[in-house]
Amino acid sequence: MEIRTPSGTRDLTGRDVRKKRLLQKLMMDSFEKHGFEEVMTPAMEYYQTYSMAFDSLQDRQMVKLFDENSDILALRLDMTVPIARLYGAKYQDAKLPLRFCYASNVYKIRKNFAGKRLEVMDCGVELIGEGRIGDLEVLVTALDTLSSLPIGNYAFEIGEASFFGRAASLVFEDPKTIEALGDLINRKSLVELDEFLSRQNLNEKEILFFRRLPWLNGGAEVLEEARKVCFDESLQEVISSLKELYEDLRSLGYEEEVRFDLGKTPYQNYYTGLIFEAFADGVGTSILSGGRYDNLLEKFGRPADARGFSVKLDYLIDLFELPEKKETCILYYPEGRWQQAFSEARELRKIMPVVLTPWDQDEIVKEVVE
Amino acid sequence: MSLRIALTKGRLETKTVDLLEKMGYGVENVRNKGRALVLPDTRRDLDYVLVKSNDCITYVEHGVADIGVVGKDTLMEGSDDYYEMLDLKIGKCCFIVASLPDAGLFEKKGHIRIGTKYPNVARKYFNDRGLDVEIIKIDGSVELSPLIGLVDGIVDIMETGNTLRANGLVVLDTCADISARVIVNKASLKLKKQEVMQVLSDLEEAVAKYVE
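What you are looking at is a predicted structure, and each value in this text was computed from that prediction instead of being measured.

Asks: Report on the packing of aromatic side chains, specifying residues and quantitative values.
Replies: Across all of its chains, the model carries 21 aromatic pairs over all chains by this definition. Ring geometry for tyrosine 246 of chain A versus phenylalanine 260 of chain A: centroids 5.8 Å apart, planes at 65 degrees, classification edge-to-face. Here phenylalanine 260 of chain A lies in strand β9 (residues 258–261) and tyrosine 246 of chain A lies in helix α10 (residues 233–251), a separation of 14 residues in the sequence. Here phenylalanine 260 of chain A falls in the buried class, since its relative accessible area comes to 0%. Linked through ring pairs, Phe163, Phe164, Phe172, Phe209, Phe210 and Phe231 of chain A together constitute an aromatic cluster. Stacked on the ring of tyrosine 125 of chain B, the Lys or Arg arginine 129 of chain B has its end atom at 3.7 Å from the ring centre.

Given below as structure tokens:
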């Protein structure tokens, strides 16, 4: 038996713990200010809960265990599915909307030695019910929360799963084809995308649309650019509703903070509408991701529209230094005078932390260190 | 904001550097690298690192390099958390399935044993065809493994086919075409869009002008 942490996990000590707690506090404070209520769920779920939630679950990414009845358990991959289960079990008759938030560790098995983590803390929200205005509310929550964090430069991108989804379902029937095409566009795998499109029986307008999709990212001007490649009225409608969303955000003063990427396609058909991500200087992958998922909750018994996002908190720890220095008092005392030392310490703890330190000299000395 | 480009050492190195030079980039430091590991461009606000092909993906995925030039063979075998945005059309070769002429690989009942440096590519090829396959990872000359009876056939990259012919192996099928690709870190494309797009369009122009 080796005495070390399992691959992909780590111990946190000292400043890193304080930084993580600070981030967590800032985020949970922000969620609370936006009216979300914290929930805690078990670190493990029945494997079945996840296989019910996802059409094609990447089950090799899950850490699996057995319980006393030999049922398969899985460490939670995310918090959205546990909250969907919670909603199905305990909120069947509750009045909508419901606003939940969480700060919980989630688990995903990664390739060995790639520097990626098995266990990370997800901080996020889910807003159930509330329709279109709920999308706006969650976007605003995400933007406000990001701007409350000490993380420097970041980019926030909005996409729409149904833009690709509708276009693809207009020209393809086989879901496997659609999934493969979506994957190529999502990964901006432009070389394979060209090859793929040339193998399909598409007209020029349709080819142009799918070829342009990965490039449709940037400021609000990409919405106009997107209009030009739409080959169907229903696609224009999607752009119009995104444009409306942008105008709404603009009227609230968020226009500088948002960009668009219409080349985002939904992972495993999970997202059904709005889809968004944020990237920060110094982190190679997205730090926040979320979107609208209208098909999940019905699998747990009561259909409702829903949207949410989560922030991968651990990725943010290296992006900032702790703002203020923490003062601590070291109280040195001779062992014979421990009673006096302990009661002085008790007084002093009203203002700052105290570390009691016995020494071999005769007096009691207090030293404030940072 | 300055960019970092990870170039793959070896087979692709000279060809990639030639292309950059034709684009007017200052690659003198890369040509005369000595022992330095980070090599600044002498004309543009960017620097280069020369790395092994697998590391190219790793550096780009983590965002410590913004752009990488790496063979499609490595991309197919590795992970895919990056944008693959351009085909440089250099370093062309292909993945092939080969065996001794009388091996009857695809007619074989029961499982097929395949030797390869690219287990994921090989497994996917046979699984897509519904064939039962056992992969044996070989690090050195893959061509040797069927000759001395370890495996029924191989999956490998082929440039000229000379080694295969010299050893009496025949190509049964081509799995995929390979060439050098440009990959981009996801966050870099969002946060340094202009700089990244500039390099991509310079490269695209150079490919159209000098390679095609």
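Asks: Provide a residue-level description of the pattern of salt bridges, including the pertinent values.
Replies: All names here are of chain A. Counted by the stated rule, this structure contains 48 salt bridges over all chains. For aspartate 314, the salt bridge goes to arginine 117, with nearest N and O atoms at 3.6 Å. Here arginine 117 lies in the loop between β5 (98–107) and β6 (119–128) and aspartate 314 lies in the loop between β12 (306–312) and β13 (328–334), a separation of 197 residues in the sequence. Comparing aspartate 314 with arginine 117 shows no difference in burial state: the two are buried. For aspartate 248, the salt bridge is made with arginine 132, and the minimal N-O distance between the two is 3.2 Å. Of this pair, aspartate 248 sits in helix α10 while arginine 132 is found in helix α4 (residues 131–147), placing the two residues 116 residues apart along the sequence. Using a relative accessible area of 25% as the deciding quantity, one classes aspartate 248 as partly exposed. A relative accessible area of 34% means that arginine 132 is categorised as partly exposed.

Asks: How would you sum up the nonpolar core? Please name residues and give values.
Replies: Residues Phe156, Ile158, Phe163, Phe210, Phe276 and Leu288 of chain A are the most contacted members of the largest nonpolar core, which totals 73 residues. Core analysis: the second largest hydrophobic core is formed by 33 residues, Ile5, Leu7, Ile67 and Met85 of chain B among them.

Asks: Which residues make up the sheet that holds β12 of chain A, and what values do they have?
Replies: Note: strands within a sheet are paired through backbone hydrogen bonds, in either parallel or antiparallel orientation. Residue and element names in this part refer to chain A. Across the sheet, which stays open at both edges, the nine strands sit in the order β1-β5-β6-β12-β11-β10-β7-β9-β8 with mixed pairing between neighbours. Two strands close off the open sheet at either side, each with one partner strand: β1 (37–38) and β8 (217–218). Pairing analysis gives two bridges linking β8 to β9, with the strands arranged antiparallel. Each residue of the ladder has a partner; that of asparagine 217, found in β9, is aspartate 261. Along the sheet, helix α5 (residues 161–171) contacts β7 (154–160) and β10 (274–280); its crossing angle with β7, the most-contacted strand, is approximately 35 degrees.

Calculation criteria
- Residues numbered from 1 in each chain as written.
- Chains lettered and ligands numbered in written order.
- Predicted model: local features only at pLDDT ≥ 70, side-chain atom pairs only at ≥ 80, totals over all residues.
- Heavy atoms only, no water.
- Phe/Tyr/Trp six-rings, centres within 6.5 Å; stacked < 30°, edge-to-face > 60°.
- Helix = DSSP H or I, 4+ residues; strand = E, 2+ residues; numbered from the N terminus.
- Buried < 20%, exposed > 50% of the residue type's maximum accessible area, 1.4 Å probe, protein only.
- Lys NZ or Arg CZ within 6 Å of the ring centre and 35° of its normal.
- Salt bridge = Lys/Arg side-chain N within 4 Å of Asp/Glu carboxyl O.
- Core = buried A, V, L, I, M, F, W, Y, C linked by side-chain atoms within 4.5 Å.
- Pairing = 2+ DSSP bridges.
- Contact = heavy atoms within 4.5 Å.
- Axes fitted to C-alpha atoms, helices over the stretch in contact; angles between N-to-C directions.

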